[in-house]
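Residue-level structure breakdown
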Amino acid sequence: MKLFPQLETERFVLRRLTSKDAADLFHYLSNDEVTKYYDLDRFVELREAEELIQMWNSRYLEKQGFRWAITVKAESDRVIGTCGFHNWSKNHYKAEVGYELNPDYWRQGVMTEVLQEILRFGFEDLGLNRIEAFIDPDNIRSRYLLEKTGFHEEGYLKETFFEKNQFVDAILFALLKKQYEAKLNRIFR
């Protein structure tokens, strides 16, 4: 892919992140509530947001993943969250999905709507067979989102990641292409 793919849902535009988005990311990633289950510490300097954007864009250029800025249609181009794929394994037709959202937009169906389009892109455009997600066992909102969008819990991994100077557990969720297609077939019957 030469150009970063821009995606759209009914309410949102998903586009490439730029350095101009750093202030928006910093705004919500400097909130402890947002980074509570994130593998990053709360941001304290704008530079951290700039570096994160550079890292995500480098992963795209190196064909290791995609990270989209989430913006609201018919409003400003302000970033309210991000969503995308990392740990993309082309040889195994799988990737891991990750996301975060400004708390001003929590409980409004934003990530459900966005994730459905990200999954469509992954299975239909990238040709993925499997999409995984790892969540903190206490992250009830993320569990609900994944289950609502068709993911299935596959296992509890003890002390599988080292984050914020400690080993942490994770729950592995996954969605297979055949499960995604079966869900689509049920919807359009």
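Keep in mind it's a predicted model, so treat the numbers as computed, not measured.

The interhelical angle for the contact between helix 1 (residues 22–29) and helix 3 (residues 46–61), taken along N-to-C directions, is 115°, at an axis separation of 8 Å. When the axis of helix 1 is compared with that of helix 3, the two are roughly perpendicular. For helix 1 against helix 3, the interelement crossing comes out right-handed. Packed against helix 1, whose contacting residues are Ala22, Ala23, Leu25, Phe26 and Leu29, the element helix 3 presents Leu46, Ala49, Glu50, Leu52, Ile53 and Trp56 at the interface. Its residues assigned to classes, the contact of helix 1 with helix 3 comprises 10 nonpolar, no polar and 1 charged.

To continue, consider the pairing of strand 3 (residues 66–72). Remember that side chains alternate between the two faces of the sheet whenever the strand is regular. Across the 7 residues of strand 3, 7 count as buried, placing the element largely inside the fold. Taking every second residue as pointing to the same face, both faces of strand 3 are buried, with Phe66, Trp68, Ile70 and Val72 on one and Arg67, Ala69 and Thr71 on the other. For strand 2 (residues 12–16) and strand 3, the ladder comprises 5 bridges, and the chain directions are antiparallel. Note that in strand 3 the partner of Arg16 across the bridge is Trp68. Sheet analysis places strand 3 next to strand 4 (residues 79–89), joined by 6 bridges and oriented antiparallel. Opposite Arg67, over in strand 4, you have Gly84 as the bridge partner. From the end of strand 3 to the start of strand 4, which pair antiparallel, there are 6 residues, and Ala74 there has a positive phi angle of about 65°.

The rules behind each value
Residues numbered from 1 in each chain as written. Predicted model: local features only at pLDDT ≥ 70, side-chain atom pairs only at ≥ 80, totals over all residues. Heavy atoms only, no water. Axes fitted to C-alpha atoms, helices over the stretch in contact; angles between N-to-C directions. Helix = DSSP H or I, 4+ residues; strand = E, 2+ residues; numbered from the N terminus. Parallel < 35°, antiparallel > 145°, perpendicular 65-115°, else oblique. Left-handed = near helix turned anticlockwise from the far one by under 90°. Contact = heavy atoms within 4.5 Å. Nonpolar A, V, L, I, M, F, W, Y, C, P; charged D, E, K, R; others polar. Buried < 20%, exposed > 50% of the residue type's maximum accessible area, 1.4 Å probe, protein only. Pairing = 2+ DSSP bridges.

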